[in-house]
Amino acid sequence: MVGKRSGKALLREEGLERTDNNMDLTTWPQVNMINQKNYYTEYLKRDDQILPLRLLQEERRNRMTTKAKDRDRELAGATAAELTPVGADIDMDDDAVMEDGTEPLTGQDALGSKVIVIHPGSQNLRIGLASDALPKTVPMVIARRWKMSESEENGGEPSPKRRRTDDGNELEPEKMFGEDFSSQYSKMCAELKVHMRANKRRVLPNSKELIVNYNKRAPPETISEHNDPLRIDWTEIPTNPKEVQDYLTGKEALRIPEKSNPRYKLFWPLQRGWFNESQYSQKKNIFDDFSTIVEEAIKSQLNLRRKRDWTQYGCVFVVPDLYERRYISQILEMLIRDLGFGKVCFIQESLAATFGAGYSISCIVDVGAQKTSICCVEEGMCLEQSRINLKFGGADVTDTFIRMMLYDHFPYQEINLNRRYDFLLAEELKLKFCTMNESDISPQLFEFHLRASGQDTRKYTFKTYDEVILAPQGYFQPSIFDNSEKLKGRRKLIDRSYDIYEGGTNDPTSSAQSEVILMISPSVSSTIEGNSDTANGQIPATQGKPGSSLLRKLNDSDRMPISATGTPAPEDDDTPALGGENGAATSASSAQDNVLPIIPLDEAILTSIRYGTKGDERKTRDFLMSIMVTGGGAQIPGFNNFLEEKLKAARPQYKEITIGIPPRELDPQGVIWKGGSVFGKLRGTNDSWIGRLEFDRLGARALAYKCMWAW
């Protein structure tokens, strides 16, 4: 019986058998299908695949190799008695303290001698080497040749602005600042009298009339220039046009005569913590002026004249807590490209303050010239949701103090803060006479000298009463400040930063700052809600629903990124649908830009602590016990005690509220810079340096790996 034949045998007999010559059907590479149930990739999952981290590993490896070679040389050339014991730790950090009595290094060998620390402000720039004990302070201003000076622009309109009659004549001092200022000033005077009487202070019933009558009939006394021992050395402008400088910076710029030939105009690149867009027509000019001021300060204050040597130096740059991404990106490019530093790192202001003061947990209140920032710091990290940035400072106190003095018939009625010598005079008057101690409030006689270029010195005598305390109290009643032009030119030249994937704004925000915005303008919330609902194609069912504000959603740090494919949005007006959130987010940011964040300082501190602690009673108590005030705007006698009384009145259940000061008699104006210098000396533990190679290849993207906070 013949067995069953296979199919292959039949095909072979019929000549239909398939033969394989081991040749591919095509030369195109064959890609196998991905098993979608279980697939894995290592792309950007290992540190050696990320350039900044790979460079750090290579640097550590090279350092270990160098130390091992040095150790081998020591072993080869040392005797047995000189050898280090076997169990000793030879991998010492660079900044470890020597305890064998060795003298500290000095000069070029000192730790931090190759690191420059820069802390810019709206009015002053603090700069110095990390090895210095104190920073150098330079006015953050540049004077450029111009058609007319700043005091001659806008028809010579003085600052503070005075109201005039229809025919151009000046009004009486009581009416020149408007009814709102007059009524609020009178109200503050009455409240001060009531408070002083409650504290058993003596209050004269006619104190105001006494000082007004005296100031009305107080003529100045003229002193010839050669009899004035404290005369000012003004900046000399060469008579030869070819020798005239195009610009001057720092103190020299503030000492240029008003009627100089040619004319110079002052430019301030930073204003209220932002780039000053109101004074400039091109953003390139802002960046150039900023870079020029820093460059001249390094050459003049640090005596580093040759720019080619700056590649050997690193730079620690102090940035605001609530920063703008475009600001830091531009600063990074300026420091590496324009100034040529070898490496750069950034540190936030509040964190630097804790470094400088040696605090592990604190609520930092930095009162500057034009802005006030508040942030809670815990164990070396700024609590993101507690950051608050208010747009008032010491310059507002100066302006308000001058307005109050003019209201009370100040003898020098022609004072104009747009003039350079008047600006310096107003700052001097504030520093000398303003106080927040009620015990110092009484009719007092003072004097000052007015020194202007090309004029004889004039000596004025005047009396003050409550103006010296009511002007600083504007920190707690900020409506008395002139806030009319603080948003002028905002976003005229520099746009917001946008996320390249989602399309919305990606500048950092905080819940505390959003709460401040909503306290000032509740309509912002409803506007943003309307944008969100319109984007969803829905009609809001309930107005004022708790948590329905998109502004609060934008500040949620745990918000997941938008995905183009995924679960459809639920039918809830609380959740914006895909495609509408980016537009609503942009609208939310625009709404915030149109609101000036100004609330009383004590309320802002409590708001920051509330969002920083998230209701934790123990942390709240710790932060209230460790509030530290820094900055030049708060250097007013009695400021800390007054703030402490305000906080205790608002939170009477906390008896241990204290306002601390920097230790070791450190100047509160330089404590932030000091913290930056400490940070710059951490050679073995500071991994935040951005080198030229990283910047050339990654640009601002390197900040995502190098910043100590979530970039």
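Attention in this report is confined to the structure presented alongside it.

Conventions used here
- Residues numbered from 1 in each chain as written.
- Predicted model: local features only at pLDDT ≥ 70, side-chain atom pairs only at ≥ 80, totals over all residues.
- Heavy atoms only, no water.
- Helix = DSSP H or I, 4+ residues; strand = E, 2+ residues; numbered from the N terminus.
- Contact = heavy atoms within 4.5 Å.
- Pairing = 2+ DSSP bridges.
- Axes fitted to C-alpha atoms, helices over the stretch in contact; angles between N-to-C directions.
- Buried < 20%, exposed > 50% of the residue type's maximum accessible area, 1.4 Å probe, protein only.
- Salt bridge = Lys/Arg side-chain N within 4 Å of Asp/Glu carboxyl O.
- Phe/Tyr/Trp six-rings, centres within 6.5 Å; stacked < 30°, edge-to-face > 60°.
- Polar contact = N/O pair within 3.5 Å; in protein donor to acceptor, adjacent residues only side chain to side chain.
- 1 Å grid on protein atoms, 1.4 Å probe; cavity = no way out; pocket = protein on both sides within 12 Å on 5 of 7 lines; lining within 4 Å.
- Points joined across faces, edges and corners; volume = space filled by probe spheres on them.
- Nonpolar A, V, L, I, M, F, W, Y, C, P; charged D, E, K, R; others polar.
- Expected span 1.5 Å × (residues − 1).
- Core = buried A, V, L, I, M, F, W, Y, C linked by side-chain atoms within 4.5 Å.

**Considering the overall build of the protein**
A tally of helices and strands in the protein yields 21 helices and 20 strands. Counting contacts in the protein only where the partners sit at least 6 residues apart, residues at least 24 apart contribute 71% of the total.

**Notes on the sheet that holds strand S16 (residues 444–450)**
Taken together, 3 strands build an open sheet; the order of strands is S5-S17-S16 and the sheet is antiparallel. Since the sheet does not close on itself, it has two edges, and those belong to strand S5 (221–223) and S16, each with one partner. When the angles between neighbouring strand axes are averaged without regard to direction, this sheet yields 30°. Bridge count for S16 against strand S17 (residues 457–464) is 7 bridges, and the pairing is antiparallel.

**Quick word on the environment of leucine 56**
Examined against the element boundaries, leucine 56 turns out to sit in helix H2 (residues 51–77). Assessed through its relative accessible area of 13%, leucine 56 is described here as buried. Residues leucine 56 and serine 688, 632 residues apart in the sequence, show an inter-C-alpha distance of 10.0 Å. Setting aside anything within four residues of it in sequence, one finds leucine 56 in contact with Asp687 and Lys706.

**Side note on the pattern of salt bridges**
Under the criterion given, the structure shown has 42 salt bridges. Between arginine 144 and aspartate 289 there is a salt bridge, and its shortest N-O distance comes to 2.8 Å. One end of the pair, arginine 144, is in strand S4 (residues 142–145); the other, aspartate 289, is in helix H6 (residues 283–301), with 145 residues separating them in the sequence. In this structure, lysine 459 and glutamate 447 form a salt bridge, with 3.4 Å as the shortest nitrogen-oxygen distance. Of the two residues, lysine 459 is situated in strand S17 and glutamate 447 in strand S16; the sequence distance between them amounts to 12 residues. Look at glutamate 447 and you get partly exposed, because its relative accessible area is 39%.

**Description of the pairing of S17**
Walk down a regular strand and you will see the side chains alternate between the two sheet faces. Pairing of S5 with S17, which is carried by 3 bridges, proceeds in the antiparallel orientation. Residue pairing for S17: threonine 222 is matched across the bridge by arginine 458. Hairpin connection between S16 and S17: a loop of 6 residues separates the two successive antiparallel strands, and glycine 454 in this loop has a positive phi of roughly 80°.

**Section: the sheet that holds S4**
One open sheet holds the 3 strands; their spatial order is S6-S4-S7, and the pairing between them is antiparallel. One side of each edge strand has no neighbouring strand; the edge strands of this open sheet are strand S6 (247–249) and strand S7 (264–267). Strand-to-strand twist of the sheet, defined as the mean angle between neighbouring strand axes without regard to direction, takes the value 25°.

**A look at the packing of aromatic side chains**
Within this structure, the stated rule accounts for 30 aromatic pairs. Each residue in the set Phe410, Tyr412, Phe433, Phe446, Phe448, Tyr460 and Phe462 is aromatic and connected to the rest through ring pairs, giving one cluster.

**Topic: the side chain of serine 260**
With respect to the helices, strands and loops of the structure, serine 260 is situated in the loop between helix H5 (251–254) and S7. Using a relative accessible area of 4% as the deciding quantity, one classes serine 260 as buried. A polar side-chain atom of serine 260 sits 2.9 Å from the main-chain carbonyl oxygen of proline 262.

**Observations regarding helix H19 (residues 671–680)**
Counting buried positions along H19 yields 9 of 10 residues, so the element is predominantly enclosed. The set of residues buried in H19 consists of Val671, Ile672, Trp673, Lys674, Gly675, Gly676, Ser677, Phe679 and Gly680.

**Brief notes about the layout of surface pockets**
A volume near 1700 Å³ is recorded for the largest pocket. Ser159, Gln271, Arg272, Asn418 and Glu485 are the residues nearest the centre of the largest pocket, which is lined by 50 residues in total. Broken down by element, the residue count for the lining of the largest pocket peaks at 5 residues, all from helix H9 (residues 394–407). Class assignment of the residues belonging to the lining of the largest pocket gives a composition of 16 nonpolar, 16 polar and 18 charged.

**Digging into helix H16 (residues 601–613)**
Taking 1.5 Å per residue, 13 residues should reach 18 Å; H16 reaches 18 Å between its end C-alpha atoms and fits that length. Among the 13 residues that make up H16, 10 are buried, leaving the element largely enclosed by the rest of the structure. Within H16, the full set of buried residues consists of Leu601, Asp602, Ala604, Ile605, Leu606, Thr607, Ser608, Ile609, Gly612 and Thr613. Positive phi shows up at lysine 614, right after H16, with a value of about 55°.

**Focus on empty space enclosed by the protein**
For the structure on display, the rule yields 3 cavities of 30 Å³ or more. Space inside the largest cavity adds up to approximately 80 Å³. Around the largest cavity, the lining residues are Gln271, Arg272, Trp274, Phe275, Asn276, Glu277, Lys486, Leu487, Lys488, Gly489 and Arg490.

**A look at the nonpolar core**
Here is a general trend for soluble globular proteins: nonpolar side chains tend to be buried in one another's company. Ranked by internal contacts, the top residues of the largest apolar core, which has 76 residues, are Ile374, Tyr412, Phe448, Ile605, Ile627 and Phe639. Considering each element in turn, this core owes the most residues, 7 residues, to H9. Counting 48 residues, the second largest nonpolar core, distinct from the first, contains Ile127, Met140, Ile690 and Ala702.

**Some points on the side chain of asparagine 416**
One can find asparagine 416 in the loop between H9 and helix H10 (420–433). Within the structure, asparagine 416 has its side chain in polar contact with the backbone nitrogen of asparagine 418 (distance 3.1 Å). Discounting residues that sit within four places of it in the chain, asparagine 416 has contacts with Ser151, Glu157, Pro158, Ser159, Asp422 and Phe423.

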